[in-house]
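Given next are the chains, with one letter for each unit.
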Amino acid sequence: MNQAPEKIVDRIDAYFGNIARWSIRHRYFIAFLALLAVGYGGYCAGHVRIDNSLSNFFYKDDEAYLAYKEYLDDFVSDEVVYILYNAESREHGPFNYDVMQRIARLTETLEAEVPFVREATSLANVEFMRPRGEDDIEIDELLINFPESQAEMLQIKQFVMSKPIYVDYLINSAADHAAIILQMSATSTDELKDTLIDPTKPVGKTNSYPMVADAKVREILARPEFSGHGINYFVSGDVPMNTTYIGAMINDMTYITLGALLIIMMLCVVVFRATVAGILGPLTVVVVSVLLTVAFICTLNWTIGNFFSLLPTLICAVGIAQSVHILLEYQRQLSRSGDANQAVIRALSKVGGPCFMAALTTAAGFSVMSVSNLKMLAEFGVYSAFGIMTAFFLSTTLLVVFLARKPRKFDRSKQGRMAVTPLIKPIVDKSIDWNLKYPNQILGISALIFVLAFMGITQLRNDFNFLSEFKPHVEWRKATLKVEEEMGGTLHMSYLIDTKIPEGIKSAKLIKQIEDIQRFAEQNPLVKKTQSVADMMKDLNQTFRANDPAYYRVPDRQNLLSQYFLVYEMSGGKELEEFVSHDFSRTVIEFQVEMTSASNVEKLLAEIDAFVAQNPLDNATGNKTGIGLLWVKLANYIGDTQLTSYPLVFAMIALIMCISFGSIKVGLLSMIPNLTPVALALGALGWLNVPLDYMKLLLATIAISIAVDDTIHLVTRFRVRFYSTGSYEQALRLGLNDVGPALVATSFILVVAFLAFLGSNTTVLANFGVLLGGTITAALIADLLLMPVILLKFKPFGPEFTPAP
């Protein structure tokens with residue numbers, strides 16, 4: 001027999017045999033360390049911060065983020081709770097006398113009791129301007145003197161509906177739906193200490209923004225004095241959205257993870273006849289790995305964001321996959337010798353190297369994402385790599401504790417018993433048969449799939465819409481759709497205008513230009529309403545003209561406009577502070593936009609930029625900002641991450657493969673079946689016109705990282721069998737018989753585990769689970785069919801030979 005040239009993967013095998021011996025001797029010490037890890041991880045889990053806000057995607061020095069923070073400096077938080085309500089069964093709807101009384105009390109209660117509320121505004125207390133004589137106005141709450149009858153309330157209705165500034169803001173044009181708007185004093189971008197009611201207590205829904213604010217709103221709305229009475233409430237806005245995200249994440253991290261673990265446990269029993277130790281061992285590895293990763297996140301003072309939902313199931317996938325290879329080889333060795341301790345040592349001596357290289361390539365693939373401009377994704381790349389390597393090292397130490405035991409009499413009836421269910425063997429046999437009978441056809445079909453896939457990839461686009469991320473039954477989505485239907489857009493965009501001089505915005509020419517920008521934007525069907533200082537001046541002009549709608553326009557004369565600013569300030573007006581800085585050097589235009597995709601928002605902002613460029617502002621500059629701009633940047637960064645991380649992932653994994661096998665040829669050939677499922681998945685998205693959002697962005701990285709694990713085990717065993725037989729056909733038969741069952745078993749378990757994501761309340765995660773399951777299935781097919789044919793055709797281990805007797 002020709003001696004196989006020793007490669008890195010071979011030398012590593014010997015080390016892990018020694019690790020197994022050490023672990024058996026120090027099993028109690030390892031168990032003790034595992035208990036400490038569980039305790040520390042559990043403590044960190046109770047103190048780590050969950051942040052799903054859009055701003056958590058960005059680094060603090062990001063230009064778009066800085067522009068947003070600069071905007072908040074002058075115009076405070078733009079996060080709101082938007083409570084739409086109707087009273088369909090009550091005559092006059094929102095202007096029903098009893099309904100308005102209840103809304104007035106509700107507005108006061110919300111402002112007084114909801115944590116982090118800066119101001120609550122409704123028809124009951126909105127700032128209202130009334131003429132007082134010919135040269136003066138009165139500014140006060142609309143219902144400062146509450147009407148004494150329904151007839152007086154209907155007169156109020158006429159005043160309100162004659163004021164365009166309130167229509168589609170606090171009351172819709174049909175006057176059958178109205179709103180209460182809670183403006184928050186905090187934002188999701190604030191420091192942790194500023195988002196806690198009591199900094200000495202842990203993060204949670206009773207102490208943390210935004211959960212505590214959302215919970216209090218719902219508790220107040222459920223009180224007998226406000227609930228019922230013919231009034232229906234629909235709660236939308238930033239605070240409920242972020243709270244819903246956090247709730248979905250907690251649900252995913254608990255129920256879906258537990259579901260995935262139970263599924264894996266049952267499949268382990270069915271698929272490869274695992275014993276109690278063979279079940280509890282891998283599950284313990286997964287749980288401890290997840291807790292240690294949480295501890296790692298907490299130690300670095302990072303937050304848990306959207307991507308963390310993937311981590312428990314991801315570690316389940318990697319940890320279980322590694323454990324399955326170890327367990328199957330352990331069972332094979334145990335059936336031969338009957339000595340559990342020796343079986344563990346021999347198992348790790350055979351598969352330790354491939355398992356390590358598989359974990360290393362997977363971790364390397366994820367770590368590459370640390371170069372992303374998306375902060376949340378970059379952090380995910382780092383801590384997922386940490387979790388993957390942690391799961392591997394626990395598989396080679398803690399799992400040994402469960403498998404090792406005192407010598408006992410060996411049951412000879414179990415000798416030679418198949419380690420996996422007999423149902424898997426026909427699949428492996430059929431793949432061997434097809435590889436040997438139809439190698440050219442397999443290569444031809446694979447080449448065609450590659451061509452079609454790459455054609456689809458050229459049509460791939462980046463986009464996302466936060467509204468469609470939630471399933472249709474989720475309350476926030478239903479409420480938001482109702483608000484969109486009745487009041488217009490719920491997505492807020494801002495355009496900041498800076499004169500750089502105090503009092504600079506008190507220019508009639510500039511305010512007319514601001515109005516021109518609004519009129520231009522309102523021509524776009526996505527823009528439902530705009531608000532600015534121009535609207536305040538138009539409302540003042542109308543008020544001074546006895547509320548004549550014909551005078552709802554910006555005054556032409558500069559001196560008249562200056563008088564309006566002065567009278568407004570002297571009359572105690574406050575609403576203008578929402579649109580101007582304290583020194584009147586800057587102002588903002590607010591756009592209410594239909595909840596739409598990021599690409600549509602980008603087009604709208606580009607159109608506004610082009611309009612301003614063609615119509616330069618008078619001694620001022622304009623810059624887009626607000627949540628809308630962050631949406632656009634997020635979409636752009638997804639594209640940037642594709643361009644930078646994907647090539648790096650593929651290059652790094654290919655490099656590790658080449659080093660592992662000591663051959664550039666073997667390393668590059670082994671990448672072909674790993675690229676196939678990724679290209680197929682991305683190509684399908686392109687052909688189906690399904691956009692690549694921030695979650696699907698991970699598809700290629702996760703898929704190739706998992707797929708390469710199986711390839712390493714297959715190529716390693718194929719190589720060993722070739723040097724023992726001298727025949728590529730024999731190596732194919734024996735190699736696939738050795739590792740094929742494990743590949744099928746692990747892939748089947750992983751697919752079912754990722755399908756557990758279907759239980760998520762977010763469509764983005766549910767769809768990702770289906771896509772990843774399909775990609776792993778394609779990777780299995782590529783490993784069973786394409787990889788063996790490539791080895792058979794290209795003969796990367798040298799010419800065939802006749803083994804020595």
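Residues numbered from 1 in each chain as written. Predicted model: local features only at pLDDT ≥ 70, side-chain atom pairs only at ≥ 80, totals over all residues. Heavy atoms only, no water.

A.B. asks: Help me understand the nonpolar core, please; the structure alone is not making it clear to me.
C.D. replies: Soluble globular proteins: nonpolar side chains tend toward being buried together. With 273 residues, the main nonpolar core has L123, L182, F380, F591 and L698 as its most contacted residues. In contact with L123, other than residues within four places in its own chain, are Y85, F95, M100, L142, L143, V160, L170, I171, A178 and A179. (Core = buried A, V, L, I, M, F, W, Y, C linked by side-chain atoms within 4.5 Å. Buried < 20%, exposed > 50% of the residue type's maximum accessible area, 1.4 Å probe, protein only. Contact = heavy atoms within 4.5 Å.)

A.B. asks: Is there a simple way to think about the sheet that holds strand β10 (residues 527-531) in this case?
C.D. replies: Strand-to-strand pairing in sheets goes through backbone hydrogen bonds, with the strands running parallel or antiparallel. Pairing is antiparallel in the open sheet, where four strands are placed in the order β10-β11-β9-β12. Strands at the two margins of the open sheet, each flanked by one partner only, are β10 and β12 (621-625). Averaged over neighbouring strand pairs, the angle between their axes works out to 20 degrees when direction is ignored. Bridge analysis of strand β9 (residues 491-498) against β12 gives five bridges, and the strand direction is antiparallel. Of the residues in β12, the one forming a bridge with D498 is T621. Each of β9, β11 (586-593) and β12 is contacted by helix α3 (residues 63-75), which is oriented at about 110 degrees to β11, the strand it contacts most. (Pairing = 2+ DSSP bridges. Helix = DSSP H or I, 4+ residues; strand = E, 2+ residues; numbered from the N terminus. Axes fitted to C-alpha atoms, helices over the stretch in contact; angles between N-to-C directions.)

A.B. asks: Mind showing me how you'd approach empty space enclosed by the protein here?
C.D. replies: Using a probe with the size of a water molecule, rolled over the atoms, empty space left in the structure can be pinpointed. For the coordinates displayed, the defined rule picks out six cavities of 30 Å³ or more. Quantified by volume, the second largest cavity comes out at close to 90 Å³. Considering the residues around the second largest cavity, the lining is formed by twelve residues, among which Y245, D252, N306, S309 and T762 are closest to the centre. Of all elements in the fold, only α7 (238-272) and α24 (763-794) reach the threshold of two or more residues within the lining of the second largest cavity. With four residues, α7 is the single largest residue contributor to the lining of the second largest cavity. Among the residues forming the lining of the second largest cavity, the class breakdown is seven nonpolar, four polar and one charged. (1 Å grid on protein atoms, 1.4 Å probe; cavity = no way out; pocket = protein on both sides within 12 Å on 5 of 7 lines; lining within 4 Å. Points joined across faces, edges and corners; volume = space filled by probe spheres on them. Nonpolar A, V, L, I, M, F, W, Y, C, P; charged D, E, K, R; others polar.)

A.B. asks: Is there a simple way to explain the sheet that holds strand β3 (residues 117-121) in this structure?
C.D. replies: Taking strand neighbours across the sheet as the criterion, the four strands line up as β3-β6-β2-β7 in an open arrangement whose pairing is antiparallel. The open sheet is flanked by β3 and β7 (232-237), the only strands paired with a single partner. Across the sheet, the axes of successive neighbouring strands diverge by a mean angle of 20 degrees, strand direction being ignored.

A.B. asks: Can you help me understand unusual backbone geometry in this one?
C.D. replies: Across the chain, the bulk of peptide bonds are trans and the bulk of non-glycine residues have phi less than zero. P210 follows Y209 through a cis peptide bond whose omega is 5 degrees. Note that P210 resides in the loop between β6 (177-184) and α6 (211-221). Of note in the backbone geometry, F116 takes a positive phi value of approximately 70 degrees without being a glycine. In this fold, F116 is placed in the loop between α4 (97-113) and β3. Its relative accessible area of 15% is what places F116 among the buried residues. Phi is positive for H229, which is not a glycine, with a value near 60 degrees. Along the chain, H229 falls in the loop between α6 and β7.

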